[in-house]
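These are the residues of each chain, in order.
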There are 2 protein chains.
Amino acid sequence: MNIAIYGYGNLGKGVEYSVKQNKDMELFGVFTRRNPDSVKTVTGAKVYKAEEILNYKEKIDVLIICGGSATDLPAMSPMLAENFNIVDSFDTHADIPLHFERVDAAAKKGSTVALISAGWDPGLFSLNRLYASAILPDGKDYTFWGKGVSQGHSDAIRRIDGVIDARQYTCPVDSALERVRGGENPELSTREKHTRLCYVVAEEGADKERIEAEIKNMPKYFADYDTTVNFISLEELERDHKGIPHGGFVIRTGKTGDNNQNNHIIEYSLKLDSNPEFTASVLVAYARAVYKLKNRGDKGCKTVFDIAPADLSVLSAEEIRALML
Amino acid sequence: MNIAIYGYGNLGKGVEYSVKQNKDMELFGVFTRRNPDSVKTVTGAKVYKAEEILNYKEKIDVLIICGGSATDLPAMSPMLAENFNIVDSFDTHADIPLHFERVDAAAKKGSTVALISAGWDPGLFSLNRLYASAILPDGKDYTFWGKGVSQGHSDAIRRIDGVIDARQYTCPVDSALERVRGGENPELSTREKHTRLCYVVAEEGADKERIEAEIKNMPKYFADYDTTVNFISLEELERDHKGIPHGGFVIRTGKTGDNNQNNHIIEYSLKLDSNPEFTASVLVAYARAVYKLKNRGDKGCKTVFDIAPADLSVLSAEEIRALML
């Protein structure tokens, strides 16, 4: 199957690497809004102008849209779904129902298959919330994120006067994780679940106390958390904080039996060296499922909840039953 | 939907408890090969004779077959799938392809939906092996079981001369788990992955040294493992080892990126106070999916790989997108 990438940042590069690992896929190329001559792809994929994509409609089986959720995907996914089978990673949780509706209308109009909100959260974590809650209805689930870099929080620090660069890590609170695993079913406040750890490069002579106070009191981003601010040099930032790791935990505890005396813990966790490369790998696996659905005559918008696991695999139904069941 | 239970041991009792937790389900009753008057159900479900089940064909939406994999299910599932939508927990991994074929033929003949090999392994662990391998094709996965009671190994000890009762726990080796989580991709022998811990009640005057040697040298069951044998009193066994806990881990580590320099770890784990009650909860969730598939006009044999996650949930597609994605 022929895969194309629309949008070429870290996520698009991750998709380019991932397609190489999947023997049943070919990478048709990358579509960019920049000047194609200015874009050098990581494995040598061809680069095309985004506005010319309709010329290649017959050559692309699935288009993986690698744009941001704030402004790119709400416009791109409905527009492209009318002509292409698409996968996106739309992750603004509150806006998913509206995004679904718009993409669904476009995909039904164009008789294409579109899968939105793939990745790990939304995505694999959502799947685990669903499976675990269906199996243990008398229970409670918890999602913890980290330790990992939050791009949005890092950007918020960078906008403070006197800051040259910054990296923010979201960290789960170990004692909260342990209480959940212990089956206590605790009610946890925002502050009790995660801490925020910041590495900040300040301009020479900048008022570090003022910067630290501005970070710690920033509403929504930091004020509700225990936040630690470390000032480091630009060299240290580039040496020690260049990666984009992330991860997290979905845990459900639930009870069964006479008087609910038996406790069960289902835990799913990810520890990722590269958030964008892992997210890309999820998008690519779902591109395979989209291709299979399209070939079966399906159409419309889907989410990870609608995809039978077998459709993610390169193996046949007989092979997965024999090898993995 | 109306659920019925066929076979009434620990697993059947677990299904009875689980159905009570699911508001969209009613328990029609329990079918047993014993004299119905001799069977007292844990929540008061009605008891019927197994041989009269065809009389109730129109009243049962899904039949959950709670028999053993050695001799019960290979006969029961194909026989019953011709007249009922069924779920079973067939767990003899090597025989799954044959069981699938036989149940599939019966279900297609009767236009029913049958789901085999549900539970946690096969079942949830299989799902996690599939998802993780589809997402990280350049990786390796590991399944560890325990700490938990193995009924088969406990029975094997009980057959030794001079043994009154016994309980065997399968335990994952922590250092092996840590090597896997560390991304080492180790090759692990049987002995390196699990140990076996035995609690044995011996007859008065029995030769404990001989019993211990017989256990440790038993081919297949114990000889390939580091086995610890503890002799305890019957009172201790009943006080400390009455439960049927189990659990385990599915871990996949995989690489992505330029030169595969980024490592990712996907880990799924279960810690279960009651193996049969948790397994039963999985069967009941899949009974809901079977019911939905049947109502959509589907037929034939399925496994967990074929079921879209949404079909396990009591919630609507809109609700799960809004609440869980």
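This text goes with the structure placed above it.
Residues numbered from 1 in each chain as written. Chains lettered and ligands numbered in written order. Predicted model: local features only at pLDDT ≥ 70, side-chain atom pairs only at ≥ 80, totals over all residues. Heavy atoms only, no water.

## Structural notes on the relation of the copies chain B and chain A
Related by rotation about an axis and a shift along that axis, the two copies of the chain form a pair.
Logical step 1: Between chain B and chain A, which share one sequence, the superposing operator has a rotation angle of 180° and an axial displacement of 0.0 Å; the RMSD is 0.1 Å. Taken together, the rotation and translation relating the two chain copies correspond to the operation of a two-fold axis.
Logical step 2: Comparing contact sets, 98% of the residues at the interface of chain B also lie at the interface in chain A, consistent with an isologous, same-surface contact. (Least-squares fit on C-alpha atoms with pLDDT ≥ 70 in both. Contact = heavy atoms within 4.5 Å.)

## Quick notes on the state of the cysteines
Here a disulfide denotes a covalent bond joining the sulfur atom of one cysteine to the sulfur atom of another.
All names here are of chain A.
Logical step 1: Summed over all chains, the structure comprises zero disulfides over all chains.
Logical step 2: You can see cysteine 66 has no disulfide; the closest cysteine sulfur is in cysteine 301, sitting 17 Å from it.
Logical step 3: Classification of cysteine 66 by relative accessible area gives buried; the value is 9%. (Disulfide = S-S within 2.5 Å. Buried < 20%, exposed > 50% of the residue type's maximum accessible area, 1.4 Å probe, protein only.)

## Let's talk about helix α5 (residues 151–158) of chain A
Logical step 1: Of all the positions in α5 of chain A, only His153, Ser154, Ala156 and Ile157 of chain A are classed as buried. Looking down the long axis of α5 of chain A, one finds its buried residues gathered within 160° of arc, a one-sided arrangement. (Helix = DSSP H or I, 4+ residues; strand = E, 2+ residues; numbered from the N terminus. Arc of directions from axis to C-beta.)

## Points about the packing of helix α2 (residues 72–81) of chain A against helix α3 (residues 96–110) of chain A
Residues and elements named next belong to chain A.
Logical step 1: Close contact between α2 and α3 brings their axes to 7 Å; oriented N to C, the two are set at 20°. The pairing of α2 with α3 is recorded here as roughly parallel in orientation. Note that α2 runs across α3; the crossing there is right-handed. Along the contact surface, α2 presents Leu73, Pro74, Ser77, Pro78 and Ala81, while α3 presents His99, Arg102, Val103, Ala106 and Ala107.
Logical step 2: Split by residue class, the contact of α2 with α3 holds seven nonpolar, two polar and one charged. (Axes fitted to C-alpha atoms, helices over the stretch in contact; angles between N-to-C directions. Parallel < 35°, antiparallel > 145°, perpendicular 65-115°, else oblique. Left-handed = near helix turned anticlockwise from the far one by under 90°. Nonpolar A, V, L, I, M, F, W, Y, C, P; charged D, E, K, R; others polar.)

## Describing the interface of chain B and chain A
Logical step 1: Across the contact, 64 residues belong to chain B and 63 residues belong to chain A.
Logical step 2: Across the chain B/chain A interface, buried area totals approximately 5,500 Å², and carbon plus sulfur atoms make up 63% of it.
Logical step 3: Inspection of the region where chain B meets chain A yields 27 residue pairs in polar contact (both at pLDDT 80 or more).
Logical step 4: Going through the elements one at a time, α1 (10–21), α3 (96–110), α4 (124–135), β12 (246–256), β13 (262–272), α10 (275–295) and α11 (317–323) of chain B are the ones with two or more residues in the side of chain B that touches chain A.
Logical step 5: When residues of the side of chain B that touches chain A are assigned to their parent elements, the largest contribution, eleven residues, is made by β13 of chain B.
Logical step 6: Relative to β13 of chain B, strand β13 (residues 262–272) of chain A runs antiparallel, the two sharing nine bridges. By the bridge assignment for β13 of chain B, leucine 270 of chain A is matched with isoleucine 266 of chain B. (Buried area = accessible area lost by both parts, 1.4 Å probe. Polar contact = N/O pair within 3.5 Å; in protein donor to acceptor, adjacent residues only side chain to side chain. Pairing = 2+ DSSP bridges.)

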